[in-house]
Every structure is written in C-alpha cells, then in structure tokens.
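Okay, here's what each chain looks like letter by letter:
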Amino acid sequence: MKNFEDDFYNLLNLLKIREPFAFNRFSDGELYILQNKEVIADAEQVKVGQNVTAAGIYRAEDFKRFHPDEHSFYRERLVDAFKFKKKNYFKGLSCRCCVGDENFQWQLDFHGEYDENFTWANLLVNGNYAKFIREMYPVFNEYKAVFVCNENADLSVLPFLVKDFRVGYNAMIQDYSLIERIKSWISENNIEGHLFLFSASSLSKMAIHQLYEFCDRNTYIDVGTTLNPFMGMRIDRTYLKSFWLGAKGADISKICIW
Amino acid sequence: MVKIVSGFSIPVGSTVALVNLCNQLNDRGCNCILYGPDNWHMDKCKSAKMSDFYPENDDIIIVHNIKLFSVAELYKIQDKIEELRKKTRLHSLKTTFTRHLPGSRKHVGLKLILTCQENDLFPIRRLNYGMFDKIHYAHSSQINSHKIMHQHFVCPNFRNHLISSEHKPIRTAGVIGSIRKENKTGISIEKALQDDMETVILYGYLIDPIYYYKQIVPLVKKYPGKIRFAGFIDDKQKIYDSVSDVYCAVGRAWSLVKKECALTNTCYHGPDIASMEEESMTNEQIFNVWEKELEL
C-alpha cells in the first residue's frame, strides 16, 4: 500500500543523493482540464463545467481560464504531461480523499496502464508540509536552483537561486512559449545538475514534462504555493495559514490516502 | 552497548551533539546507537527509530529530553514520547501528579545517564531525576541553573573539525541556530543590519514558523533584499565559509558557535561567554571523560 510519508522521503532521498527526477502534480484544476471542462477561476467566479461553485476568491496571479474549444492545444499538452512515462518522472494525482472516489478513479482510467511512479499531487503539502519546509527546503541549498514563478514574487529570501523565469496571468496559455526559452537556456549554457522549481500553475505541468523529456540530467519540482511565505505572496491556502499563522484547520495534519 | 535515546531527533544543536557523541564513541570502538522519534538522525550516525529501542541487560542508556518518572517507562518509550508530544491538558495534569510520586529506582543491569543540553527548555526538576545514575551537563554553568543535588559530571560536546576558509565573503552575516522566539533570531538580524551587513543568512531549523511569519517576514519587508533563509545545513564548514560575521543574541555557555567562529576566522558578535577550562578540551580529552564516567 502506498504511503504518503514514504513517498515524500523517497523524493527527499533522490534529492539528497543528487539523482535527477521530476515531480509533476495534477491537482483538481488540472483534473478538470483533463476532463475537458471549462474552468474559470478569477475574482468574479469559480466555474467548473456548468457549475459556478463560488464567488471568485482568486487573485490576479492565480487567475485561470480554460475553454475546451479555444484552448484544446494546451489541454493536449497537459494530457501529454499526464501520460508521459520515464524513469524518475513522478506524477502526483489528486487523491480520493481530496477529490472523491469517482474523480480519483477517472484519472486512473484516463491514464490507462498503472504507473509505478504515481504519487500524490499533495505530496509536499498537508501532513507533509512541515517536513517539506524543514527537511526538503534546506537541501535546495545543495543545488544551483532555477525558479519559474509569478512576476510579482520576491525571490530575495531564497539563497540558492541562480536564475529565474517569470510568468503572468493564466500562464498555461499566455506564457506557453517560455518552455522553449528555458530549453534554449539549458542548451546554450550546458545546464546539468540544476534544480528547477516551478510555481506557475498549470504551465508548470507542461514545462516539467517537456523539460525532463528534453534534459533528464536536471531535477524539476512543482512546488506550487509552498514557498509563498518566503516570496511575499499570499498565504490564503488552509495548510499555509495553519503552519505559518497557527490557524485552525485539519489540512496541516492530513495524511492523504491512495 | 551504549544506547542514546532522545525525545526528538530534529536537526537542532542538541541532536547534533548526540550524533557527534554517537559517532565519536563508535569511532573509538565503543558500540553506540542513537534512537529518536524523527527522521533526521537516521543517516547521520549508527541509528534506529524509536520503535526499535528496548533496554537490555548491561546497556548504558543515555537519555535526552524525555520527561521520565520511572524506569518502566523506558520499556514503552515510543508510547511515552507520543504521549508527551500530544501535550494534552489531561497529560499535564498527569505529569503534575506523577512527578510527586516516588518512581522506581531499581534498574539492575542498566546504567542510566541523563544528558542535559538545555536549561529552561528542559528543567530537570520536573522529572524523576533520582532514577538516573548520573546527570551529564555540557557546561558547568548548568549545575547552578538546574539547582538540583545529584551525582553528575561535566563534559563539553564533541566538536566538528573546522578550518578557516581562504575566501571569506565580506559583510555577509550568518545567524546560526533554530528559528524561535527563545533564540531572538529577529534581534540578531536587526543587529547585523545596523552594523551595515549587506546580507544576513539564517541558518537554522525552523522550529517556530509562526514566530518567523510574525517577526522575520516584517524584517524582510523592512530591509528588502537583505535577508535570506537557508534552513538547517548539515555542513558547518559550508556555513562558516559563506559568512564573514556571525550574530547571536542569546548566550548559551555550552554553545559551540563562538568557538567555531574562532576556528574559521569568522567575527563573532554575541554575548561574551566566560571561558571555562572544559571549553578548550580536545575531542580526545572529551572522550576520556565519557569513557571514565560510563566505565567503558
């Protein structure tokens, strides 16, 4: 049986021994895009398919708009990232405890053959978040690191960065060309043994897939919102508020199940 | 066999001291193993998880930071630590009650040592220290702080081999130690910046993220681009090679930071801790003390 903590320590060990890998995450937003549902997440509304689930809570850096007809090219790239298989290419799926049995099973069916490298999309958050900050983050210092993140992020607190690439609103679509720019930078500068961190919403998934396929001698990790407190970004996710502000919430101790 | 058992094994100064003790004993032919409830120690020395700990005849057991009231608790130590970590109100009441009860002092076949790496954070008065054969203090000043009468010995912690780097940076400050209110990390940062340091790097385990968010994040905004957070780094040489100065707001007599600064040609800014004879001991001399006290 897969274990939430063991999978975390598996990645941490690879990082420590400098064995390159990619950790890609397909959270609920990506799940809905894979399901070819319209997704709108902005300050006005949160819409998934036909359902408007809430008044908009998202701020500019998290705005997302995916329309199945208009953006099919990007969905196909996301499908490529989801179905890609390679040694040490780890795919984080939305777990049944977070998206329900039906959606969890849909991912497995859509993927087809079971991949031994399946893991949790939430692997670095919830009950593993404290370990991520206290045990994995310090190991980043062992690397020359590159960050792909929002244009508003302040990266001065992170001592291990040697380069950053910035994205803006709805990066999956607006900044898709950045992937080729990063590839060029890797080639022109013979970049190997570097650590690439991504906090660029759905663009991260496509970039991690394509960059790991392009050069598997670097490590690529989708860190999502985990480093927001160090970057002057908002900490409105429940797990962040619990850890950094002591707010009540079950997520910070939640051990996700498979 | 020497078994070191600690209430935590996260990367903070006391765990580093226990890892060094374990490695030094093993390097000198004395079989020793460190047990802890966390994961960090597992690849740092001969180690095991807390669930594997069980006292056996002729064992020398060195206990650190576990509020024990009887030897019997050692035999179910994992449950004890989980109970302590929950820190429920019921547990506090139970602790208040049980510490006034005479605990078992019979531990035939076991030698029990309590190692003390703290003062206020782990007051010895609040546990049944009578069950231990001896108390180990890392510095003689701890004897007065804890104010208890019990057989003890004083021995500083083993040191890492450190050298002075040829290429030290300039005006780069390090604040070394766990990030927590008690260590006054924020005050050290401010002091460094008032001294015109260009960069301040925080090297330490993030014990208290709420303190970081409330006290350090505002400083990051107040001094844009000046403060960096590295977290706990194993390699002390790498830390000292990366800074010109070290700032420390709290003086702990047994802390090795001042000594390490001297070894690495790093300017130390912090409380001037009085030199004691034991501070200049070599690792060989430190081992000799342990050898004598444990009757190895």
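Relevant structure appears above.
Here is a short report on the structure shown in this document. For clarity, every value in this text was computed on a predicted model and none was experimentally measured. (Residues numbered from 1 in each chain as written. Chains lettered and ligands numbered in written order. Predicted model: local features only at pLDDT ≥ 70, side-chain atom pairs only at ≥ 80, totals over all residues. Heavy atoms only, no water.)

Notes on empty space enclosed by the protein
Residue and element names in this part refer to chain B.
Reasoning step 1: Going through the model one piece at a time under the given rule, you end up with one cavity of 30 Å³ or more.
Reasoning step 2: The space that makes up the largest cavity amounts to roughly 40 Å³.
Reasoning step 3: What lines the largest cavity is Ala17, Leu21, Gln117, His136, Pro156, Asn157, Phe158 and Trp290.
Reasoning step 4: Classifying every residue of the lining of the largest cavity gives five nonpolar, three polar and no charged. (1 Å grid on protein atoms, 1.4 Å probe; cavity = no way out; pocket = protein on both sides within 12 Å on 5 of 7 lines; lining within 4 Å. Points joined across faces, edges and corners; volume = space filled by probe spheres on them. Nonpolar A, V, L, I, M, F, W, Y, C, P; charged D, E, K, R; others polar.)

Description of the pairing of strand E4 (residues 60-64) of chain B
Residues and elements named next belong to chain B.
Reasoning step 1: In terms of residue burial, E4 counts as a mostly covered element, since five of its five residues are buried.
Reasoning step 2: Judged by which residues are buried, E4 turns out to be covered on both faces: Ile60, Ile62 and His64 on one side and Ile61 and Val63 on the other are all buried.
Reasoning step 3: Of the pairings in the sheet, the one linking strand E1 (residues 2-6) to E4 comprises five bridges and is parallel in character. Residue pairing in the sheet places Val5 in a bridge with Val63 of E4. (Buried < 20%, exposed > 50% of the residue type's maximum accessible area, 1.4 Å probe, protein only. Helix = DSSP H or I, 4+ residues; strand = E, 2+ residues; numbered from the N terminus. Pairing = 2+ DSSP bridges.)

Looking at helix H1 (residues 4-16) of chain A
Residue and element names in this part refer to chain A.
Reasoning step 1: For H1, with 13 residues, the first-to-last C-alpha span of 19 Å sits near the 18 Å given by 1.5 Å per residue.
Reasoning step 2: Taken residue by residue, H1 has Phe4, Asp7, Phe8, Leu11, Leu12, Leu14 and Leu15 as its buried positions. Burial along H1 is one-sided: seen end-on, the buried residues are contained in an arc of 160°.
Reasoning step 3: Contact partners of the buried residues in H1: strand E1 (22-25), strand E6 (89-93), strand E7 (118-120), helix H5 (129-136), strand E10 (195-199) and strand E11 (219-222).
Reasoning step 4: One side-chain oxygen of the residue at the start of H1 lies 2.8 Å from the amide nitrogen of Glu5, identifying that residue as Asn3. (Expected span 1.5 Å × (residues − 1). Arc of directions from axis to C-beta. Contact = heavy atoms within 4.5 Å. Polar contact = N/O pair within 3.5 Å; in protein donor to acceptor, adjacent residues only side chain to side chain.)

Notes on the environment of B:Ile33
All names here are of chain B.
Reasoning step 1: By the secondary structure assignment, Ile33 is in strand E2 (residues 32-36).
Reasoning step 2: We classify Ile33 as buried; its relative accessible area is 11%.
Reasoning step 3: As for Ile33 and Leu21, which are separated by twelve residues in sequence, their C-alpha atoms are 9.8 Å apart.
Reasoning step 4: Once you skip the residues sitting within four places of it in the chain, Ile33 turns out to touch Met1, Val2, Lys3, Ile4, Cys22, Lys46, Ser47 and Ala48.

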